[in-house]
Amino acid sequence: MTHTTESTTLFPTGDRGHARAYADAWSSVSEALVRGMAHALSNRIATIGTIAELLRVSAEDPAAMSEMLGIETRRLEDLLEQMRALSARHSGRMEAMRLSDAVAGAMAMHSFHPERRSIAVTVEPGDESRPVLCDGIRLQRELLLLLDAATQAALSHASRVVRVLVGDGAEAGALPECGQGTIALSVDESDAGVAYLLVLPALGAGA
């Protein structure tokens, strides 16, 4: 197995020099996610409408239909919550959170990207003893941009896998500086093909 670290054009937290590029990248990603979420929203509404109509015209197994309606309603509520999170503004409020939770949320949101559904994204937990102290909305956007860059790279290299390593498992010397933490997009070549490794060591206080 060979392991190399590619140069990236990702946008480090706090790097004002790339403000325009960051804004353009976020506009592109968020626009794609809104399209995907709008499609999912239409599906949820159509399904709820179908169940409601079945309940109206048929008395067969109303308990099962009611259960299905409850499931679809909860899915709709979850989708609306993700749409609100996508449009939320930076709060500037520092909060402690675990990277595994932040990555899981970003992965769930990025799964709505209509052009990236063929990419399998997996998480490899690392040593996550230190929590992240940061603006949760800001971190979410950083993670979404990183996931988007990783999945785009996977597509361009005919790979269909992105592995996310969460925690402090990376060698700091191999990573570019990023604010008070580090990020990198690396290539891991093996007999199974080429996979992209998104490394996110835990950020320090005030990141």
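Note that the structure is predicted; figures quoted are calculated from it, not measured.

Rules and cut-offs
Residues numbered from 1 in each chain as written. Predicted model: local features only at pLDDT ≥ 70, side-chain atom pairs only at ≥ 80, totals over all residues. Heavy atoms only, no water. Helix = DSSP H or I, 4+ residues; strand = E, 2+ residues; numbered from the N terminus. Buried < 20%, exposed > 50% of the residue type's maximum accessible area, 1.4 Å probe, protein only. Lys, Arg positive; Asp, Glu negative; His and termini not counted. Salt bridge = Lys/Arg side-chain N within 4 Å of Asp/Glu carboxyl O. Polar contact = N/O pair within 3.5 Å; in protein donor to acceptor, adjacent residues only side chain to side chain. Contact = heavy atoms within 4.5 Å. Axes fitted to C-alpha atoms, helices over the stretch in contact; angles between N-to-C directions. Parallel < 35°, antiparallel > 145°, perpendicular 65-115°, else oblique. Left-handed = near helix turned anticlockwise from the far one by under 90°. Nonpolar A, V, L, I, M, F, W, Y, C, P; charged D, E, K, R; others polar. pLDDT = per-residue confidence, 0-100. Core = buried A, V, L, I, M, F, W, Y, C linked by side-chain atoms within 4.5 Å. Expected span 1.5 Å × (residues − 1). Arc of directions from axis to C-beta.

Visitor: Whenever I open this one, the side chain of Asp135 confuses me. Can you help?
Guide: Tracing the chain through its elements places Asp135 in the loop between β4 (132-134) and α4 (136-156). For the buried Asp135, no salt bridge is present, and the opposite-charge side chain at shortest range is Arg138, 6.3 Å distant. Of note is the side chain of Asp135, whose polar atom sits 3.0 Å from the backbone nitrogen of Ile137. Beyond its immediate chain neighbours, meaning those up to four positions away, Asp135 contacts His90, Ser91, Gly92, Arg93 and Met94.

Visitor: Would you take a moment to explain the packing of helix α3 (residues 99-110) against α4 for this structure?
Guide: Between two packed helices, the angle of one axis relative to the other and the distance separating the axes together describe the packing. Relative to each other, α3 and α4 sit at 60 degrees, their axes nearing to 9 Å. In terms of axis orientation, α3 runs oblique to α4. Seen from above, α3 lies across α4 with right-handed handedness. Counting all contacts with α3, which are made through Leu99, Ala102, Val103, Ala106, Met107, Met109 and His110, the residues of α4 involved are Leu139, Gln140, Leu143, Leu144, Leu147, Asp148 and Thr151. Across the contact of α3 with α4, the residue classes break down as 10 nonpolar, three polar and one charged.

Visitor: Even after reading the chapter, I still don't get the confidence of the model for the protein, so can you show me in this structure?
Guide: The predicted model of the protein has a mean per-residue pLDDT of 74, with 69% of residues at 70 or higher. When the criterion is pLDDT under 50, residues 1-16 qualifies, and its contacts beyond four places in sequence or with other chains add up to 37 contacts.

Visitor: Is there a simple way to think about the nonpolar core in this case?
Guide: Note on soluble globular proteins: their nonpolar side chains tend to be buried together. In this structure, Leu86, Met109, Leu143, Leu144 and Val164 are the most contacted members of the largest nonpolar core, which totals 34 residues. Those elements giving two or more residues to this core turn out to be α1 (19-57), α2 (62-87), α3, α4, β5 (161-166) and β9 (193-200). The element contributing the most residues to this core is α4, with nine residues. Residue contacts for Leu86: discarding those within four places in its chain leaves Trp26, Ser30, Leu33, Val34, Met37, Met109, Gln140, Arg141 and Leu144.

Visitor: Can you walk me through the packing of α1 against α2 in this structure?
Guide: One can describe the packing of α1 onto α2 by two numbers: an axis separation of 10 Å at closest approach and a directional angle of 160 degrees. The orientation of α1 with respect to α2, classified from their angle, is roughly antiparallel. For the pair α1 and α2, the sense of crossing is left-handed. Here the residues of the contact of α1 with α2 are counted per class, giving 19 nonpolar, five polar and three charged.

Visitor: Any chance you could explain α3 here in plain terms?
Guide: Spanning 12 residues, α3 covers 16 Å between terminal C-alpha atoms, matching the ideal 16 Å at 1.5 Å per step. Regarding α3, the residues found buried are Leu99, Ala102, Val103, Ala106, Met109 and His110. Taken end-on, α3 shows its buried residues confined to a sector of 125 degrees, consistent with a single buried face.

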